[in-house]
Amino acid sequence: MAQVFDRSSNALVRFSLVLTGLIVISLGVALDQLQRSPWVTRQGQRPDQPVPFSHKHHVEGLGLQCQYCHTQVEKAAYAGIPPTKTCINCHAQIWTNAALLEPVRQSWATGASIQWIRVHDLPDYVYFNHDIHVNKGIGCASCHGRVDEMPLMYQQNTLQMEWCLNCHRNPGVNLRPVSEIYNMSWAGPSTDKPVWCSSTVKGGATAQNVSCTTTNPGANGPEVAMLENGPHGPGRTESADLGPLMGVAIPASYQKFTSQAELGKYLTAQYHIRTPNELSSCETCHR
Amino acid sequence: MKTIGNATTGNNLMGTGTDDTMADTKAQAGQPVVVTQIAKAKLTLAQVQAKLDGQTGKRFWKNLDELADTPEFHELMAEEFPRQSMGGSGEWVDAVSRRGFLKVMGASLALAGLAGCTKQPDEPIYPYIKQPEDLVLGKPMYFATAYPFPTGAIPVLVKSDAFRPIKVDGNPEHPMAKGKSDAMTQATLLDMYDPDRSQHVIYRGQNSDWGKFQSEFATAVKKTSGGQGVYFLSETITSPTLAAQWKQVQAAYPQAKLVQWEPVNQDSSRAASKAAFGSYVDAQYKLDEADVIVSLDADFLGGIGHPGFLPLAAAYSEGHRYEAGKGMNRLYVVESMPTVTGFKAEHRLGLKPSEIAQFATALANGSSVTLSNPDAQKFLTALLADLKKNGGKCVVIPGEQASPAVHAAAYALNSSLGNVGKTVVYTDTVNPMPSEQVADLKALVADMNAGKVQWLVMLGVNPMYTAPADLEFATAFEKVPVTAHLGTHLDETGSLSTWHINKTHYLESWSDARAYDGTISIIQPMIDPLYGGKSSHDVLQTLLDDPQKSAYDAVQATAKTYISGDFATGWRKALHDGWVEGTAFAAKTVGTPKAMTSAAAAATSTGGLEIAFRPDPSLYDGRFANVGWLQELPKQVTSLSWDNAALMSFRTQETLKLDENGKAEIELNGRKVVVPVLVVPGHPDNVITVYLGHGRRVEAGRVGAGVGFNAYTLRTADSPLYADGAKITKLDGTYDLCVTKVHNIEHRGAFAQHDLEKPLSDKEGTYSLAGHEAMERSIIRYATLEEVKKNPDFAHEGASGTLVNKVGYGPQGETPKKDESFFPDAWNYEKQDASSLQMQNAWGMSIDLNSCIGCNACIVSCYAENNIPVVGREQVKVGRNMQWLRIDTYFEGDLDAPKAHFQPMACQHCENAGCEQVCPVGATVHTPEGLNTMVYNRCVGTRYCSNNCPYKVRRFNFLLYSDYDTESLKFMRNPDVTVRSRGVMEKCSYCVQRIESAKITADKENRAIRDGDIVTACQQACPTNAIVFGNINDKASKVAKRKAEERDYPVLADLNFRPRTTYTAGVINPNPELA
């Protein structure tokens, strides 16, 4: 009786074994890639909003401060979406007939909310908190990207857990002086553009703990630095016993940073950023 | 709330057929799908007596099945998942459906992989048009108001998230409540969001509107001569504004009548105080100055059903707290149905309700008694001696459900012992219009029958359900031409009334009310009425000159009479603080109480079977029947959930030849009701106690309908408290009661069973697994005051109530020392925190067993805080109730007169937690601060963790218990806590959301978390400060101080799990003469 399978089928079997392995692996890789793809994460997608609101125009063009609309970003977990009133503050005066703004006027007239579509949509089991990030030196742009250069809002980062953990495991890479939180173009210190920081009085809120400047406090003389920042940084003025001569000592306490790594390390200590072990513990974000 | 019903076919996998009402579920109970049977031991008295005979040592036990040590119980223990395996193959009854399940499961697993890749749907944002100025979204706000309850308002502080009330707690600034609350007040939150609330004004079954009612009502009343034939039937009034409005109505229509009616009322004290002092008075007790407290059937530690529960419980526990050099109070309780008050007492005497009056009278007269309980005389003599020794420093508290004779005796005793003005003060009544309600209702029904009533306006009452059966209220009701019903639900009465007006909840409306001490609180709305709705104020206002005047205006008008100083300022302050200064009652001089008339004193027992009617410890008079949290809450003492029963003593059950859990029929004066039978340890013989508030009809709503039996059908106007001459006969069949007692012994397996079979020290007598362990493994530890003075370290060295060092377990039930471990460096939480350069935080809890009164407030608070689902009767029966916190009741000693110990048991947050080691997916992990956290998203539902947990505190979502659909319930949820889905394990998190929020606040301010920044939900609710939470590494913190006490002990410490929750051993102060 003739063989059902001749010898050549051995090769076929070997090949199909390899092929099966390859298929399994590629399927895995494909699923993995799919999971990380913008199709799932919505990274970079610009959903159809009722009003094509341009952050670029309002922030870069007009110079509105972030907090003008996102009022509670320093106070609460949510940054806050502005009520229609905030739009109307200006648009009762300018562009009052613009077709684009019809939904805003509708909302104002009828009392129905403008229905935005959430761009940065974390899963419901993630308890993200804006205020602690902003108060501890994570700038808006670190997560949201250059919002001032976005004509239409989109999600800059994946917002996946690995992305969160990248920073929670090493927060130093993204820390900046609290005074620079809303600075969209903050690039961190470099040898060309160093940053000088000085620790101020201990205690009080985080924002008052460190005073930083991008201009050399020694170059223009200590008095200028004093004028710029006050003896103890912005917001602290009670220094009745400090004569002007005391200010001379201040440049000495300024430390010069030429890399983000150094600055991050310094701010981690100054701001009492919790350890990576604590920051990456589950209960930090999930309850 | 939703109950999970029965899956009917194989393709309906996981049994998620959801039935809307309990009634439906019950109707289907015949279908053998969800296993609801617990093999019940059929006990005989002889068996138990034989077990108990010759027994001298201390014995703990938890329920009677265990006590009997029956083969059935052993069978139960042999199964890994006893209740789920009983009756065959569990949830999947026949092999076909199981196979079908596996098939579908395979398919859905494949789909599950893909499901993980699907995108989330677009989520819309609806911003405000004009955002309220003081609103910060995500930051809760707190508003003070008060919960009006017939026994006095409970001042509360409501947590509001974006103007939705999400938690009701005690008002910390109120002089009486001091931030404490109770189970019922906590549960009023769910009552407000109840999806079954009435939503419309209804006229003859058709939707109508308020304006029509107003015009019709006002016109009709105007036509009468001075209000002739207009009757109001109101709930007990504690609102000065409502009283003022009624006065105005009366001025305009002098013939109109108002009757107040509550099925559970204060008639006894009203009648007695009128007889003794000539006018109605309320008594206030100052327990902080009492060394000896006597309760005559007063369950003052049970809940707000007893007036002044909050201050009484707080003062009692403070007086009962042990501290070296500080005296301790002593509590005597004479009662019929065992209550938590009775079990907290040093000495408890169980008597029939009729005998309590005899006992009280004898106590007042100093005479002797011969009662059915042979210990009565000895008890009386010792008690009297103790009282006389402590004249002026003792107090006698009569229960509101005790007869007037008991109150009269208490007046006489407090007067003769010199307590008046010291531990007792008499004041005006909290109710501005006190009355004897049963007599008034009787008169009203007589008028109705006589055709005198043209308009019957019922304000917040449900007489169709609650009126005494012999009044035949329904018949009289039909004779009234027009009836109007104001109620939050279209209930038994509302559905039959001509008009039904949907009532606002107290969280939605303006009003005011007096608390126990007389302090007035303004009730302010927390939310716009969900369904429109009107209050009693609006109804009464309809008849006045300005019918559109709002409740707000009415309250302000009255408030001008009691707010002194500048009104605008005073009003704002009253709203902010939650109470009005200077409105507390002053003591009233009442003189010596007149001796009671012989008729009242001569209440004697005929010796027949008595039946006592008691408000349900959870549902009160039935008003909370549709509140799932309270239905599911295991009742104090009995641990009944979703049921009431004919509660009786072992001997009575035996004499009457009834089966526990069997059906029986009670007959009283020709009225019959079918009841289940449940034995309660410590219950007096020849009495049956029944709880009111159950057996609501379908109108009650999806939760309350058809739960239990309606005891009101037996109750008569002449004997509303207890009745003589009841008959009970056994019926065929079992009732299948829902009792949660045995759930925590699940999954214990062979180890514990071996212990039961081969005890090391407890060699004779009764074995009850949990009880045995409680003793042998020192789960419960206590000592007498004498002992603790001799040996303060008794919790670790032994005392009469503490057995240590006797068992071959580990090193004698104590925490193994670190150097005894192979890993001496493990579980070290005394490290420096690198971020702050200070000692790290380590969260821990301490529970004082001396203070815990078993009142259940903590459990309901936990429900609200942690979005815990209600699972329904069928699921509770198979042990799937989801409460993160339970209160274990350990009975001790004699069946007739047991002691009991309450032990709140939640996740112990073990440092070396067994659950973490067995989780295959790392879903339960340890945080750097020592919390044992659940990561719901990782959990795949193996339940290994629960198996390995010695405390049995993990709860598993067998089915989709959380209600994802009902809109009103979504408003209620705590936004900071995940709503758990099917298939995940959950457990106490130490309120991690509160910890994180405190951490964020502290981190922003660059400071350490201060002691007291974090208060867990259970701790916040606890009326006796039994629970303390904090940082155990901070040696100055309250919790660290408690843990440093000698009486502090961990439960099952020998396992080396190193629990973070520890307990403070109890100290009792028994009278040596009665010991």
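Fair warning: this is a prediction, and the values are worked out from it, not measured in the lab. (Residues numbered from 1 in each chain as written. Chains lettered and ligands numbered in written order. Predicted model: local features only at pLDDT ≥ 70, side-chain atom pairs only at ≥ 80, totals over all residues.)

Residue and element names in this part refer to chain B. Summarising burial for strand β7 (residues 164-170): six of the seven residues are buried, a large majority. As paired elements, strand β6 (residues 154-161) and β7 share six bridges and run antiparallel to each other. Paired with K159 across the strands is K167, a residue of β7. Taking the residues between adjacent antiparallel strands as the criterion, β6 and β7 are bridged by two residues, where A162 takes a positive phi near 50°. (Buried ≥ 20, exposed ≤ 12 C-beta atoms within 10 Å, placed from the backbone. Helix = DSSP H or I, 4+ residues; strand = E, 2+ residues; numbered from the N terminus. Pairing = 2+ DSSP bridges.)

All names here are of chain B. Scored by pLDDT, chain B comes out at a mean of 83, with 84% of its residues at no less than 70. Predicted confidence for residues 1-46 stays below pLDDT 50, and this span has 113 contacts to residues more than four positions away or in other chains. Low pLDDT, under 50, characterises residues 52-58; the stretch is placed with ten contacts to residues that sit more than four places away or in other chains. ipTM for the predicted complex: 0.86, alongside a pTM of 0.87. (pLDDT = per-residue confidence, 0-100. Contact = placed C-beta atoms within 7 Å.)

A separate point is the interface of chain B and chain A. The interface is formed by 40 residues belonging to chain B together with 48 residues belonging to chain A. Breaking the side of chain B that touches chain A down by element, the ones donating at least two residues are β4 (124-125) and α34 (992-1004) of chain B. Ranked by residues supplied to the side of chain B that touches chain A, first place goes to α34 of chain B with six residues. Considered class by class, the residues forming the side of chain B that touches chain A number 18 nonpolar, twelve polar and ten charged. With two bridges joining them, strand β1 (residues 116-117) of chain A and β4 of chain B adopt antiparallel strand pairing. Paired with I117 of chain A across the two strands is P124 of chain B, which belongs to β4 of chain B. (Nonpolar A, V, L, I, M, F, W, Y, C, P; charged D, E, K, R; others polar.)

With that settled, the discussion passes to the packing of helix α10 (residues 267-277) of chain B against helix α15 (residues 404-416) of chain B. Residue and element names in this part refer to chain B. One way to put it is that α10 packs onto α15 with a least axis distance of 8 Å and a crossing angle of 50°. The orientation of α10 relative to α15 falls into the category oblique. For the element pair α10 and α15, the recorded crossing hand is right-handed. Judged by residue contacts, S268, S269, A271, A272, A275 and A276 of α10 engage P404, H407, A408 and Y411 from α15. (Axes fitted to C-alpha atoms, helices over the stretch in contact; angles between N-to-C directions. Parallel < 35°, antiparallel > 145°, perpendicular 65-115°, else oblique. Left-handed = near helix turned anticlockwise from the far one by under 90°.)

Quick look at the sheet that holds strand β16 (residues 394-398) of chain B now. Consider a sheet: its strands pair through backbone hydrogen bonds, and that pairing is either parallel or antiparallel. Residue and element names in this part refer to chain B. Sheet architecture is open: four strands sit in the order β15-β14-β13-β16, paired in parallel fashion. Since the sheet does not close on itself, it has two edges, and those belong to β15 (347-350) and β16, each with one partner. Adjacent strand axes in the sheet meet at a mean angle of 10°, parallel and antiparallel pairs treated alike. Pairing of strand β14 (residues 330-335) with β15 involves four bridges; the strand directions are parallel. Residue pairing in the sheet places Y332 in a bridge with H347 of β15. Against the sheet, helix α14 (residues 376-389) engages β13 (292-296), β14, β15 and β16, with an angle of about 140° to β13.

Residue and element names in this part refer to chain A. At a minimum axis distance of 10 Å, the contact between helix α5 (residues 84-91) and helix α6 (residues 102-110) shows a crossing angle of 115°. If you check the angle between α5 and α6, you find them roughly perpendicular. With respect to the hand of their crossing, α5 and α6 are arranged in left-handed fashion. In contact with T84, C87, I88 and H91 of α5, α6 contributes V104, S107 and W108.

All names here are of chain B. Here the phi dihedral of A162 falls at roughly 50°; this positive angle occurs in a residue that is not glycine. Turning to its location among the elements, A162 is positioned in the loop between β6 and β7. When the 16 C-beta atoms within 10 Å are taken as the criterion, A162 is described as partly exposed. One non-glycine residue with positive phi stands out, namely W642, at about 60°. Relative to the assigned elements, W642 resides in the loop between α23 (628-632) and β24 (646-648).

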